[in-house]
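# Residue-level structural notes
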Amino acid sequence: MVLKAFFPTCCVSVDSGLLVGKWVPEHSSAVVLAVLHFPFIPIQVKQLLAQVRQASQVGVAVLGTWCHCRQEPEESLGRFLEGLGAVFPHEPWLQLCRERGGTFWSCEVTHRQAPAAPSAPGEDQVMLIFYDQRQVLLSQLHPPTVLPDRQAGATPASTGGLAVVFDTVARSEVLFRSDRFHEGPVRLSHWQSEGVEASILVELARRASGPVCLLLASLLSLVSAVGACRVFRLWPLSFLGSKLSTCEQLRHRLEHLTLIFSTRKAENSAQLMRKANTVASVLLDVALGLTLLSWLHGRSRIGHLADALVPVADHVAEELQHLLQWLMGAPAGLKMNRALDQVLGRFFLYHIHLWISYIHLMSPFVEHILWHVGLSACLGLTVALSLLSDIIALLTFHIYCFYVYGARLYCLKIHGLSSLWRLFRGKKWNVLRQRVDSCSYDLDQLFIGTLLFTILLFLLPTTALYYLVFTLLRLLVVAVQGLIHLLVDLINSLPLYSLGLRLCRPYRLAAGVKFRVLQHEAGRPLRLLMQINPLPYSRVMHTYRLPSCGCHPKDSWGALCRKLFFGELIYPWRQRGDKQD
């Protein structure tokens, strides 16, 4: 049998004593947590181990003895260490010794009871594995993803053994709270034996954060109660609240602030990491927003933007007028239906004239509006970007109207042509059974159908051309808004704290371990050094990515092409699933 003994690197140079740790019989492993030095009283050692077991729920015990021969080996010390096995009975009993100079190590395993296997106890092979106790304590092990051909509960045995080691060290933190300055009956050596890591500023911030979080959580609950009032559930307000990106982002940030200032303690490391990533995301968002705010209010840039906004809107309206006049003629040499072309062109030109009048009516207030919009950046860059997306939607509302008119007219003709095509084949659409059935038509119906089919077919190119032009304009606006929403989702979901840990302290996010051979000689235990493999950046993003608001529906490319071909609206105000009978 191969016995694995995990020994902390911080204890390789300490004085002789007892090995304190946990025995894992499932994996034949001994996890050494500390070395207990002389002198000591056995009853006090047993009381300390009982307190640690009760506080950490880890079966801590005395696993064996540790002998560090700094000078010539003393036979009395060796016999004394062997006799301690009667005071602290444990099965098996380890005897780990480091000889003079630190080059040679020896490890013996003693079985007090008869082994169940027929092999003799002296044939046990010992594998001595050194590990950095601080890194293992602070790290979080991420097991590899389960392959599709492997069951959900099936994990490799090596992964399970490593998880036990990491969990044992993490849960035994109460054992590491005593250092050499601690005036206690027992003296231990571990990674904090030279001094417990602490910070006065961190401790003061931790104690002051409780009342502050309680006060802010009360204020956020009050804001949530006001937002849930019945007044905001009425039709106009509820409709605007569900369609405006700014309202969605404010709700999302309110959820983040509620999570940050919650007084509930995180139950596990995943919740703690999510809270830390949320804090980092909000701080980054506010910092970028304040940077944008200082840039906008410096050197009267808001006035320059206001002076340039109205001429740009007039230029866009003039370009649309030129485009419509081009469509009303002979675009690209195509022969269009003259009457329908003139009706559609004048209809759209009238809307452009209304839009120009509206822009000039609002021009005196543009600078004040931009000034108040710039103040929204103090709530974060994402709020300012969401507000920019809503402003773009309002400024291009006439393009959206043109697109809706053209899409509805094109969709009507496509459905009419498909219905009349079924009439030619002697079929009809059965509304009750949702299928195409055979049907017999008389001569009058066939004549009317042929006449309507001919009219719609010859009017289709004119309608399709207008639909194509305004669809391209609509897609351009949607692409700009999509880029803005991608940037907002990136800031909202970026796990900045996890990426910082991966960059500065890679061992905190462990994907696994690797072993380096230190010594492999005949008659000596195999000595290995366990090193932590950091988690890849792609997996850090996938594991700790924060949920985003996702305020717009996401269609695949196939669904988008299908909607464009049949004239269905892309990102419409009312989705098909919202209709009620």
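As the structure is a computational prediction, the values presented were derived from the model and not from experiment. The numbers attached to residues start from 1 for each chain and follow its sequence in the written order. Per-residue local features of the predicted model are confined to residues with pLDDT of at least 70, and side-chain atom pairs are confined, for both listing and counting, to 80 or more; whole-chain, interface and lining totals are unaffected and use all residues. Side-chain descriptors were evaluated using all non-hydrogen atoms of the structure, hydrogens and water having been removed beforehand.

## Regarding the packing of aromatic side chains
Our working definition: Aromatic pairing here means that ring centres of Phe, Tyr or Trp (its six-membered ring) are within 6.5 Å. Orientation follows from the plane angle: under 30 degrees is stacked, over 60 is edge-to-face, and everything else is tilted. Labels follow the DSSP assignment, with helices taken as runs of H or I lasting at least four residues and strands as runs of E lasting at least two, numbered in each case from the N terminus.
For the structure on display, the rule yields 14 aromatic pairs. With a centroid separation of 5.4 Å and 40° between ring planes, the pair formed by Trp-355 and Tyr-358 is classed as tilted. On the criterion of helical spacing, the pair formed by Trp-355 and Tyr-358 is a turn pair, its members being three residues apart in helix 10 (residues 338-362). Between Tyr-410 and Tyr-467, the aromatic rings sit 4.5 Å apart at their centres with planes inclined by 5°, giving stacked as the arrangement.

## So, a nonpolar patch on the surface
The cut-off we apply is this: Patch definition: residues above 30% relative accessible area lacking any salt bridge, with like charges linked at up to 9 Å and the nonpolar side chains Val, Leu, Ile, Met, Phe, Trp and Tyr linked at up to 5 Å. Residue burial considers only the protein chains on display, and all accessible areas are found by Shrake-Rupley using a 1.4 Å probe. In the sections that follow, a salt bridge refers to a side-chain nitrogen of Lys or Arg positioned within 4 Å of a carboxyl oxygen of Asp or Glu.
The grouping of Phe-447, Ile-448, Leu-451, Leu-452 and Ile-455 at the surface amounts to a nonpolar patch, some 480 Å² of accessible area in total. Within the element layout of this structure, Phe-447 appears in helix 14 (residues 443-493).

## Let's talk about unusual backbone geometry
Let me state the cut-off plainly: Exposure is judged per residue with a 1.4 Å probe applied to protein chains only, and the accessible area is read against the type maximum: over 50% gives exposed, under 20% gives buried, and values in between give partly exposed.
With a phi close to 50°, Ser-28 is a non-glycine residue in the positive phi region. With respect to the helices and strands, Ser-28 occurs in the loop between strand 2 (17-24) and strand 3 (29-37). Residue classification places Ser-28 among the buried residues on the basis of a relative accessible area of 13%.

## With respect to the packing of helix 13 (residues 397-424) against helix 17 (residues 557-566)
What counts here: Note on method: axes are straight lines fitted to C-alpha atoms, helices fitted across the in-contact stretch only, with angles between N-to-C directions ranging 0 to 180 degrees. Any angle between 65 and 115 degrees counts as roughly perpendicular, while under 35 counts as roughly parallel, over 145 as roughly antiparallel, and the rest as oblique. Whether two residues touch is decided by their heavy atoms; if any such pair falls within 4.5 Å, the residues are in contact.
Two numbers describe how helix 13 lies on helix 17: the axes approach to 8 Å, and their chain directions differ by 85°. If you check the angle between helix 13 and helix 17, you find them roughly perpendicular. In contact with Tyr-410, Cys-411 and Ile-414 of helix 13, helix 17 contributes Leu-564, Phe-565 and Phe-566.

## Some details on the UniProt feature "transmembrane region" (unreviewed entry) in the protein
Where we set the bar: UniProt positions are given in the numbering used here, feature names are shortened, and annotations may be inferred rather than shown by experiment.
What UniProt calls "transmembrane region" (unreviewed entry) maps, in this numbering, to residues 343-361, 373-396, 445-469 and 475-499. Each end of residues 343-361 is marked by a C-alpha atom, and these two atoms are 28 Å apart; helix forms 100% of the span and strand 0%. Across residues 445-469, the secondary structure splits into 100% helix and 0% strand, with the terminal C-alpha atoms separated by 35 Å.

## Section: the pairing of strand 3
The condition that has to hold: Strand pairing is assigned whenever DSSP detects at least two bridges linking the two strands.
Among the nine residues in strand 3, nine count as buried, and that is most of the element. Pairing analysis gives three bridges linking strand 1 (residues 2-8) to strand 3, with the strands arranged parallel. Across the sheet, the residue bridging to Ala-5 is Ala-30, located in strand 3. Alignment of strand 3 against strand 9 (residues 188-189), held across two bridges, turns out to be antiparallel. Paired with Leu-36 across the bridge in strand 9 is Leu-188.

## Here's the deal with the side chain of Ser-389
Among the secondary structure elements, Ser-389 is positioned in helix 12 (residues 381-395). Given the relative accessible area of 2%, Ser-389 is considered buried. Ser-389 has contacts with Ser-245, Gln-481, Ile-484 and His-485, leaving out every residue within four places of it along the chain.

## Structural notes on the packing of helix 9 (residues 301-328) against helix 10
What counts here: Polarity classes work like this: nonpolar for Ala, Val, Leu, Ile, Met, Phe, Trp, Tyr, Cys and Pro, charged for Asp, Glu, Lys and Arg, and polar for all others, with Gly in that last group.
At a closest axis distance of 9 Å, the pairing of helix 9 and helix 10 adopts a crossing angle of 170°. The angle between helix 9 and helix 10 falls in the class roughly antiparallel. Contact residues: helix 9 offers Val-310, Ala-313, Asp-314, Ala-317, Leu-320, Gln-321, Leu-324, Leu-327 and Met-328, while helix 10 offers Arg-338, Asp-341, Gln-342, Gly-345, Arg-346, Phe-348, Leu-349, Ile-352, His-353, Ile-356, Ile-359 and His-360. Its residues placed into classes, the contact of helix 9 with helix 10 shows 12 nonpolar, five polar and four charged.

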